[in-house]
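The residues making up each chain are set out below.
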Amino acid sequence: MTKVSMTVNGKAVSGEVEGRTLLSSFLREGLGMTGTHVGCDTSQCGACVVHVDGKPVKSCTVFASDVAGATVKTIEGMANADGSLSVLQQSFQDHHGLQCGFCTPGMVMSAAALLAENPRPTEHEVRHYLEGNICRCTGYHNIVKSVMAASGQDVSALAAE
Amino acid sequence: MHNFDFAKPSTIADAANALAGEGAQALSGGQTLIPTMKQRLAAPGVLVSLTGIAEMQGVCTGDGGLHIGAATSHAVVAKDAHPHYRALAELAGGIGDPAVRSRGTIGGSIANNDPAACYPSAVLASGATVVTNKRRIGSDDYFQGLFTTALEEGEFITSVVFPIPQKAAYVKFNQPASRFALTGVFVAKFANGVRVAVTGAGNDGVFRWKEAEAALSANFSASAISGLTVDPAGMNTDLHGSAAYRANLVKVLTGRAVTAAG
Amino acid sequence: MPKDHGIGASSKRREDIRFLTGRGVYTDDMALHAQAAAVFVRSNVAHGRIGKIDTTKASAMPGVLAIFTGEDFKDVGGNPAGWLINSRDGTPMREPKRPVLAHGKVRHVGDAYAAVIAETVAQAKDAAEQLAEDSVIEELPAIVDMKAAVADASNRVHDEIPDNVCFDWGWIEDNRAAVDAAMKAAPHVVTLNLVNNRLIPNAMEPRASIGEYNPGTGDYKLTTTSQNPHLTRLLVAAFVLGIPENKLTVVAPDVGGGFGSKIYHYGEEALVLAAAKKLGRPVRWTAERSESFLTDAHGRDHVTKIELGCTKDGEILAIRTETLANVGAYLSNFSTATPTFLHGTLMSGPYKVPHVYVNVKTVFTNTAPVDAYRGAGRPEATYSLERVIDQMCRELGLDPFEVRRKNLLTPDQFPYQSPVGLLYDTGNYQATLDKAVQMADVAGFEKRAAESKARGKLRGMGLSTWIEACGIAPSNLVGILGSRVGLFDAATVRVNATGNISVMVGAHSHGQGHETVFAQIVAEKLGIPESSVDIVHGDTSKIPFGMGSYGSRSLAVCGTAMTKAVDKIIAKGKKIAAHMLEAAEGDITFEDGKFSVSGTDKAKTFGEIAFSAYVPHNYPLETLEPGLEETAFYDPANFTYPAGAYICEVEVDEGTGKVEVVAFHCADDFGNVMNPMIVEGQVHGGVGQGIGQALLEFTTYDENGQLLTGSYMDYPMPRAEDVPFYNVDYSCQTPCTHNPLGVKGCGEAGAIGSPPAVVNAVIDALHRGGHTHVKHIDMPVSPSRVWSAING
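The structure displayed is predicted, hence computed values, not measured ones.

Definitions and limits used
Residues numbered from 1 in each chain as written. Chains lettered and ligands numbered in written order. Predicted model: local features only at pLDDT ≥ 70, side-chain atom pairs only at ≥ 80, totals over all residues. Heavy atoms only, no water. Helix = DSSP H or I, 4+ residues; strand = E, 2+ residues; numbered from the N terminus. Rg over C-alpha atoms; globule rule 2.2 N^0.38 Å. Buried < 20%, exposed > 50% of the residue type's maximum accessible area, 1.4 Å probe, protein only. Contact = heavy atoms within 4.5 Å. Areas by Shrake-Rupley, 256 points an atom, 1.4 Å probe, with all protein chains shown as cover. Lys, Arg positive; Asp, Glu negative; His and termini not counted. Charge placed at Lys NZ, Arg CZ, Asp CG, Glu CD. Axes fitted to C-alpha atoms, helices over the stretch in contact; angles between N-to-C directions. Parallel < 35°, antiparallel > 145°, perpendicular 65-115°, else oblique. Left-handed = near helix turned anticlockwise from the far one by under 90°. Domains from an automatic or database assignment. Buried area = accessible area lost by both parts, 1.4 Å probe. Salt bridge = Lys/Arg side-chain N within 4 Å of Asp/Glu carboxyl O. Pairing = 2+ DSSP bridges. Polar contact = N/O pair within 3.5 Å; in protein donor to acceptor, adjacent residues only side chain to side chain. Core = buried A, V, L, I, M, F, W, Y, C linked by side-chain atoms within 4.5 Å. Nonpolar A, V, L, I, M, F, W, Y, C, P; charged D, E, K, R; others polar.

## What about the overall build of chain C?
Counting secondary structure elements, chain C contains 19 helices and 28 strands. Against the compact-globule benchmark of 28 Å for 792 residues, chain C has a radius of gyration of 27 Å, which places it among compact chains. Its C-alpha atoms put chain C at 85 × 75 × 55 Å along the principal axes. Residues classed as buried in chain C amount to 67% of the 792 residues present. Taking the intrachain contacts of chain C between residues at least 6 apart in sequence as the baseline, contacts between residues at least 24 apart amount to 80%. Total accessible area on chain C is roughly 25,300 Å²; 51% of this is exposed by carbon and sulfur atoms. The distance from the centre of the 72 positive side-chain charges to the centre of the 94 negative ones in chain C is 1 Å.

## A closer look at the overall build of chain B
On a plain count of helices and strands, chain B comes out with 10 helices and 12 strands. Against the 2.2 N^0.38 benchmark of 18 Å for 262 residues, chain B shows a C-alpha radius of gyration of 18 Å, consistent with a compact globule. Once the C-alpha set of chain B is aligned to its principal axes, its extents read approximately 55 × 40 × 30 Å. When burial is assessed residue by residue, chain B has 57% of its 262 residues classed as buried. Look at the contacts in chain B between residues 6 or more apart in sequence, and 58% of them connect residues 24 or more apart. Surface exposure of chain B reaches about 9,600 Å², of which carbon and sulfur atoms provide 49%. Where the 20 positive side-chain charges of chain B centre and where its 19 negative ones centre are 9 Å apart.

## A look at the packing of helix 2 (residues 87-94) of chain A against helix 3 (residues 104-117) of chain A
All names here are of chain A. Contact geometry for helix 2 and helix 3: axes closest at 10 Å, N-to-C directions at 125 degrees. Between helix 2 and helix 3, the crossing angle belongs to the class labelled oblique. The interaxial crossing formed by helix 2 with helix 3 has right-handed handedness. Contacts from L88, Q89 and F92 in helix 2 reach M107, V108, A111, A112 and L115 in helix 3.

## Focus: the domain arrangement of chain B
Many structure descriptions define interface size as the accessible area lost when the parts assemble. When the domains of chain B are assigned, the result is domain 1 (5-49), domain 2 (59-162) and domain 3 (167-261). Computed over C-alpha atoms, the centres of domain 1 of chain B and domain 3 of chain B are 34 Å apart.

## Here we look at the interface of chain C and chain A
Contact residues are listed per partner, giving 55 residues for chain C and 52 residues for chain A. Of the roughly 4,500 Å² buried where chain C meets chain A, counting both sides, 56% is carbon and sulfur surface. Of all residues in chain C, the largest losses of buried area upon contact with chain A belong to C:L20, C:M204 and C:F725, amounting jointly to 19% of the total for that side. Inspection of the region where chain C meets chain A yields 4 salt bridges.

## Structural notes on the sheet that holds strand 15 (residues 355-364) of chain C
Residue and element names in this part refer to chain C. What the 5 strands build is an open sheet, ordered 7-15-14-13-8; its pairing is mixed. The open sheet has two edge strands, strand 7 (165-171) and strand 8 (188-196), and neither has a second partner. Taking the axes of each pair of neighbouring strands and ignoring which way they run, one obtains an average angle of 10 degrees across the sheet. Pairing of strand 8 with strand 13 (residues 302-310) involves 9 bridges; the strand directions are antiparallel. Bridge pairing in strand 13 places L192 opposite I306. Packing against the sheet, helix 9 (residues 378-396) makes contact with strand 8, strand 13 and strand 14 (316-328), and its axis sits at approximately 140 degrees to strand 8.

## Side note on the pairing of strand 3 (residues 64-69) of chain C
When a strand is regular, its side chains alternate between the sheet's two faces. All names here are of chain C. Buried residues dominate strand 3, accounting for 5 of its 6 residues. In the sheet, strand 3 pairs with strand 5 (residues 112-118) via 5 bridges, with the strands oriented antiparallel. Bridged to F68 within strand 5 is A115.

## Re the interface of chain A and chain B
Listed per partner, the contact involves 24 residues of chain A and 30 residues of chain B. Between chain A and chain B lies a buried interface of about 2,100 Å² when both sides are counted; carbon and sulfur atoms form 56% of it. Among the residues of chain A in contact with chain B, A:R20, A:F63 and A:D66 are the three that bury the most area, contributing 29% of the side total. Counting across the chain A and chain B interface gives 4 salt bridges. Seen at the junction of chain A and chain B, the total is 12 residue pairs in polar contact (both at pLDDT 80 or more).

## Quick notes on the environment of B:G65
All names here are of chain B. Note on placement: G65 falls in strand 5 (residues 65-69). Taking C-alpha positions, G65 is 5.7 Å from I164, a pair spaced 99 residues apart along the chain. Leaving out residues up to four positions away in the same chain, G65 has contacts with C60, V161, F162 and P163.

## Remarks on the pattern of salt bridges
This model, assessed by the stated rule, comprises 72 salt bridges over all chains. The shortest N-O distance in the salt bridge between B:D140 and B:R208 comes to 3.1 Å. Here the residue B:D140 occupies a position in helix 8 (residues 139-142), and B:R208 occupies one in strand 12 (residues 207-208), the gap between them amounting to 68 residues. Among the residues examined, B:D140 registers a relative accessible area of 43% and is labelled partly exposed. With its nearest N and O atoms 2.8 Å apart, the salt bridge here joins C:K105 to C:D159. Of this pair, C:K105 sits in strand 4 (residues 105-106) while C:D159 sits in the loop between helix 4 (146-151) and strand 7, and the two are 54 residues apart along the sequence. Judged by relative accessible area, which is 2%, C:K105 ranks as buried. Each of C:D441, C:R448, C:R455, C:R459, C:E649 and C:E651 takes part in one network of salt bridges that share partners.

## Considerations on the nonpolar core
The tendency in soluble globular proteins is for nonpolar side chains to be buried as a group. Judged by nonpolar contacts, the single largest core of 187 residues is most densely connected at A:F92, C:I389 and C:F664. If you tally residues by element for this core, the top one is helix 18 (residues 749-768) of chain C, at 10 residues. Judged by nonpolar contacts, the second largest core, of 50 residues, contains C:A491, C:A523, C:I588 and C:A610.

## Concerning the packing of helix 14 (residues 514-526) of chain C against helix 15 (residues 554-581) of chain C
All names here are of chain C. As a packed pair, helix 14 and helix 15 sit with axes 10 Å apart at the nearest point and diverge in direction by 30 degrees. The way helix 14 lies across helix 15 gives a crossing that is right-handed. Taken together, the residues of helix 15 that come into contact with helix 14 (itself represented by H514, F518, I521, V522, K525 and L526) are S554, L555, C558, G559, M562, T563, V566, D567 and I570. A per-class count over the contact of helix 14 with helix 15 returns 9 nonpolar, 4 polar and 2 charged.

Structure below.
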């Protein structure tokens, strides 16, 4: 076991880890932050996406030791300082961008990374960027809509409603 | 997965020392190695992370073309190579998904030489040079079959040098589940000829389609290859496509890559 | 103006707050003091005889607390099949025992034959690996292909079942001769051979279970990923482990999707309970995705020959189907109902067809159990019908829209007794078809096709008019049909002293949004804010005995129970109000949250009545109990019959064979709609899964029974890039006639109606492109299959 330290959602944290301890395990079991989900074992589903030094990363596919000293942001750190939902989170609620909620943390983290890179993505750009996040509930319609709406675009004409 | 000791050296020399030890294995972005370790199909005693080595990071132009540090992520290549070698940058920007591109590296991809990976086609079509901690290896000598390369024990890639073609494009047809290349074709036109490299399709990994190269060197247009056929005998068959289907894709995608290259 | 609260409003989902902030609590999110980890030792061969399992080395490994094998459970019950189906000759189905851990034989790759409990998952995995090495499994030839399974009596999944057939069912057997005669007499007969591809449900949350046991009280608790905690309790307690139900609490907390796969009781649930008792510590297990692929009940997997007899102008005269349906290695809880009463009874669809006969043979194979997956039997029926009708149109040169119009039931024909046993209460199938045609701008198709052609693509349009029977189910009817359980539901409405409300419901939400929608209904009926109503679900110690959520039943069945409980609250409130207002009970009306004396301005608010019920100072105690809490059980009088028309447009790339869905239009009739936003979301999700089945997903076992599509590297899940925006309409509403909300259910619709629309569109595109030799392509209509069909 070795000690690893990093900053998670603005707070300095540390814990004892093995070499094989994944960042997802460190967050969930080490820090009790269970908002980051693990939905597969082949690095495909994206439920575990967090930001490491501002970049989206599959936390199930990076060792905690390998990101020692990094700045990590998880779904628990996405709300506004007063606890209210951020624009992106609020957009997911407004546009029914989630159902069972399991893929949602990764979906929100990936979408946030997209909007940081590309503040007004097209439908195609949203769909392409979310290629590594699998959702089984929504058929993606309202996820794409939520992300586009969060970027300030008028989504009312995207489908009959 | 089995446990291991973790090391993260900050120089190439330290990494070389660490990798010389018993049971040591290099870890780059880990986007393939970590899932493999989860399945207990790989169980190194020591894992040596190469991502903390500054001299293996980044994209710059220099002697022989574009130099890319082996530990440079796909995301960085997609952005920083774009002004210099757009087709390569676009290839990097289409690997996996954004989270994979944040971590996965060019060196890791080329060292692994997955037969469906994108990068090997760019390296081979560009006639790039693979630079290791020990030597420089030409792309035609580097790739030696499925998951097999010229790398020796303890040897690791430090950078890749890409000659920059006049025109180039990569067209990838996704395997529908993994999103690796079911078939991907990289076409690069240089002053002295055209190189065409195909990934995903061949049953011995990435390969050059020499007939197409000859035809395209004479006439760089999609119509130049319309009379050619690809022999399915050398192609791979799996759940997602037969050899005949892949042979077709090689031709169709080559034509589309030529058109895309302009 | 659309409503902003109550019934019919698109109220935002309250559950989203916790899910969007990482505060949901799924089973694997719970950490318990002194918890131990279970890891299962799973067969890596499809079929084998279990020899010696030597636990010596594994037991001695670090952290190992206990090891279980099939021997430990040989005296407890098996996991039962929920429906008894009789064969055509009247004999009951063959029903082999499904043990907690495999005993004697392993029957599919992933079949668990032992379990290791250790301090940590890693330690348990290490020991499980050792135990696998120390176990002798004598490999037997695998039985994978259904036709071969039936043909080869020498090789048996279950030694006592000679031909690997569970049952050979005819529906309706007495009509068989008449159907045969009608088919023979038909001027034209269309035949299609279809494979309804095997799917793996892939709820994004893998299954997980935590067992707890208190030696001081003898109480057990199972926290598990279930769509129906009471049903799970009944199965694991009464049928498998023999625990009195009152000593077991089952909690299904936040559950990350189900789609059918979490209806069923699985052996892992029994194991963690038994292990918790043995160790006196909580024992937890969470599936890795690879385990989910191998062991979650799969869906579909039918091989069908369908024949349709018709006139030359497209009037359907008779339909006859022969199906082989895979049940896998063991009978999962609903597996015998899915290919029979959820399938054969839908084989006349929304059409007036005089003669229908359905034959289904279910076959055991050395593969994972197959059971209900979103739609469950109804997608298979719809696919067969809608494909064969399209083929009829092609063979006879008829317009697929006109042919459907000709054969659809008309509004004046309801209630309609179908030839396959269902009584459709209401519908207007022309209206949804007209709506879909309008939405899809069918008239503008040729122009769009020309634009596609200019871009080098073939464009095609496909139609599907579908119906389902859901709101499962009238207990007396399903009892006659072989169900071993009732399919009522229940709700308790507890009005608290200060007027806010807790509603305990038997339905379970694993994505559907019950916490929001059910509260809308209660709030509307009681004239109070939605925020004053909380919905409690998923905990058998809190909720009444309900049957959970599947078969698009939550609102139609549990919602009705809840409505009836609310009615009881209002009735009691009137009595209290009559007393307080010194009026006759018959003169009290309840409206907008107020109990009033008719024709006067005398009134009491709902809150005042609630307070009086709990502080009964001025209260008719001699005739009325204090308190304001009511429970209602509801057993539906009939199934509900949602229906609709779906139109899909695709573009086909002839060079690669790739199909892109470029437009998808849904005109559905769900009866009354409680929350449009959520209904749309359900349709989106269903259509997304339907497009997945049609274009992407497949499950392949090799000849040795190894699952080749066992991870997301090979099982193609639909991604955001694979689907379009969907155009959804639900304005055609013929309310259900037999439940008070007039609701029909919307959860499965998309997955039922969409696959044939997609495949019909692809075939249309290929024909328009001159590839007229292509009669049919089996799902998934993958690029390689399309290319091979074009070039075949």
